[in-house]
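# Analysis of the macromolecular model
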Amino acid sequence: AVVLAVVQEVQKIEARDPGNIHAIRHLVSGENYRKSFQETGDAQSSVWSAGCVMGLIDDVPTCKALLARMVKEAEDTIQRRVAPMVHTRSKL
């Protein structure tokens, strides 16, 4: 696994001063992340935050495949939930 220098620096500071966000703030701020991806393109210069949702990601599809999947899931959900409420025969 690749460990970025900035991450190693954060780890050193946290080992020295655990729980002190002010000690690492200059390295983990959202502004650093924004600059990395919107201005410089340098993915090595910031720490990327990721929460527990990362464990729910099973694949990394293309945008086209992701949107197709989302549309299909929405259509299936609508069919499953709405179809029982729609009567095709009139009771008149």
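In the block above lies the structure referred to throughout.
Presented here is an overview of the structure given in this document. (Residues numbered from 1 in each chain as written. Predicted model: local features only at pLDDT ≥ 70, side-chain atom pairs only at ≥ 80, totals over all residues. Heavy atoms only, no water.)

Within the protein, the secondary structure is distributed over 4 helices and 0 strands. Of the regular secondary structure in the protein, the N- to C-terminal order runs α-α-α-α. The C-alpha radius of gyration of the protein comes to 23 Å, more than 25% above the 12 Å expected for a compact globule of 92 residues. Viewed in the frame of its principal axes, the protein has a C-alpha envelope of about 80 × 30 × 25 Å. Within the protein, the fraction of its 92 residues that count as buried is 10%. Put simply, of all contacts in the protein between residues at least 6 apart along the chain, 24% involve residues at least 24 apart. For the protein, the exposed area adds up to about 8100 Å²; of that, 59% sits on carbon and sulfur atoms. Taking the average location of the 12 positive side-chain charges in the protein and that of its 11 negative ones, the two points are 11 Å from each other. (Helix = DSSP H or I, 4+ residues; strand = E, 2+ residues; numbered from the N terminus. Rg over C-alpha atoms; globule rule 2.2 N^0.38 Å. Buried < 20%, exposed > 50% of the residue type's maximum accessible area, 1.4 Å probe, protein only. Contact = heavy atoms within 4.5 Å. Areas by Shrake-Rupley, 256 points an atom, 1.4 Å probe, with all protein chains shown as cover. Lys, Arg positive; Asp, Glu negative; His and termini not counted. Charge placed at Lys NZ, Arg CZ, Asp CG, Glu CD.)

A few words on the nonpolar core. Listed in full, the 7 residues of the largest apolar core are Leu4, Val6, Val10, Ile13, Ile24, Leu27 and Val47. Counting residues per element, the ones that place at least two in this core are α1 (5-16) and α2 (21-28). Considering every element that reaches this core, the biggest residue donor is α1, with 3 residues. (Core = buried A, V, L, I, M, F, W, Y, C linked by side-chain atoms within 4.5 Å.)

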